[in-house]
Amino acid sequence: MRYYPVHSGYPSYAEVNRAIEAVFAEHGRGDVQMPPKVYVALVESGDFRTMPAYLPKLGLAGVKIVNVNPHNRVRGLPTVMALTVFIDVGTGAPTAIINATELTAMRTGAAGAVAARYLAPRQTITLGVIGAGRQTEALVEATIAALTVEEIRVWSRTEKSAEAFAARYADYNARSVPIEHACDCDVLITATPSTTPLVMAEWIHEGTHINAIGADAPGKQELDPALLLKAEVFVDDPCQAIHSGEINVPISTGRYDPDQIAGTLGEVVTGQKGRSSPGAITIFDSTGLAIQDLAIAALAIQNGDGYELPFP
């Protein structure tokens, strides 16, 4: 068994996007084993999650263990840290342990890019951004690798953060704007830990695609429930989305019916589902799937140096 620290030599977003698209296609065809992630609550509103999966056609099996703790920044630690363990399909023996902290952000960004490529109203876009953290950066980088981005409009709770984020993407005409202006775009990214809606239905025009990323645990939400009712909502996995995605709070309060889900991203990638018209508002509700973690970890260790660990 080998440990891969993966501190450098990350795959490109173009490579990651292709790998993530491929495993969503496997999911859309029903060719995966993947129970819903399991949450364990820790102190100070943090938690950790276990995410197992098996992709028979790719010969990949394993599990990711990931924590989310919003107070880690003041401790000098990432808010998300993760390890992925690969399991040998034939014997069940662990074959690799991979540092998946940075890979988690990248694979989530790639899922948003795949959704935007299939569901955005056009391939040359104005990109709106709500939030200015590491996950937002990954989403922007992955989207740039998938679509032609002409302009980026950034909003964050603190203007200083929004301006700093925009400065990193000056080549894409990025600028800090009021939240309503950020929502006036072709593709909107939301990636915050909010538990109350930030994006109001009246701010979103016809044809917009939204990647709703921040809601990844019960009680979190970023979008006005009225927006869900006027949009076509595609999820990564129905069970996870109902439990902890953008739709979890509106479902728990009776404002959204799970039967209104338009389909999964896997079904979109395989051509079974898609936006109904150019003017439709589409939403991708992303909770993060274990198959994404296996796909990107397999990419990361192809050319990575590892350390041999004795086992068993």
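Residues numbered from 1 in each chain as written. Predicted model: local features only at pLDDT ≥ 70, side-chain atom pairs only at ≥ 80, totals over all residues. Heavy atoms only, no water.

Trainee: Just to check I follow, could you spell out the pairing of strand β3 (residues 47-55) for this structure?
Mentor: In the case of a regular strand, side chains alternate between the two sheet surfaces. Residues of β3 alternate between two faces, with Asp47, Arg49, Met51, Ala53 and Leu55 buried on one and Phe48, Thr50, Pro52 and Tyr54 left unburied on the opposite face. Remark: five residues form the turn of the hairpin made by strand β2 (residues 38-41) and β3, two consecutive strands paired antiparallel; Glu44 in that turn has positive phi of roughly 55 degrees. The turn joining β3 and strand β4 (residues 60-68), which pair antiparallel and follow one another in sequence, is formed by four residues; a positive phi near 65 degrees is taken by Gly59. (Buried < 20%, exposed > 50% of the residue type's maximum accessible area, 1.4 Å probe, protein only. Helix = DSSP H or I, 4+ residues; strand = E, 2+ residues; numbered from the N terminus. Pairing = 2+ DSSP bridges.)

Trainee: Would you mind going over the UniProt feature "active site" (unreviewed entry) in the protein chain with me for this structure?
Mentor: Residues annotated by UniProt as "active site" (unreviewed entry) correspond here to Lys64. Looking at the element boundaries, Lys64 is found in strand β4. Every residue in contact with Lys64, bar those within four places of it in the chain, is listed here: Arg49, Thr50, Met51, Ala82, Leu83, Thr84, Ala100, Thr104, Arg107 and Asp293. (UniProt positions renumbered as here; feature names shortened; annotations may be inferred. Contact = heavy atoms within 4.5 Å.)

Trainee: Just to check I follow, could you spell out the UniProt feature "binding site: NAD(+)" (unreviewed entry) in the protein chain for this structure?
Mentor: With numbering matched to this structure, UniProt assigns "binding site: NAD(+)" (unreviewed entry) to Arg107, Arg134, Gln135, Gly214, Ala215, Asp216, Lys220 and Ser286. When you line up the elements, Gln135 lands in helix α3 (residues 134-146). Residues contacting Gln135, with those up to four places away along its chain left out, are Thr104, Ala105, Thr108, Gly109, Ala191 and Ile213. Note on Lys220: relative accessible area 16%, which makes it buried. The contact partners of Lys220, leaving out residues within four places of it in the chain, are Pro193, Ser194, Thr195, Gly214, Ala215, Gly245, Asn248 and Val249.

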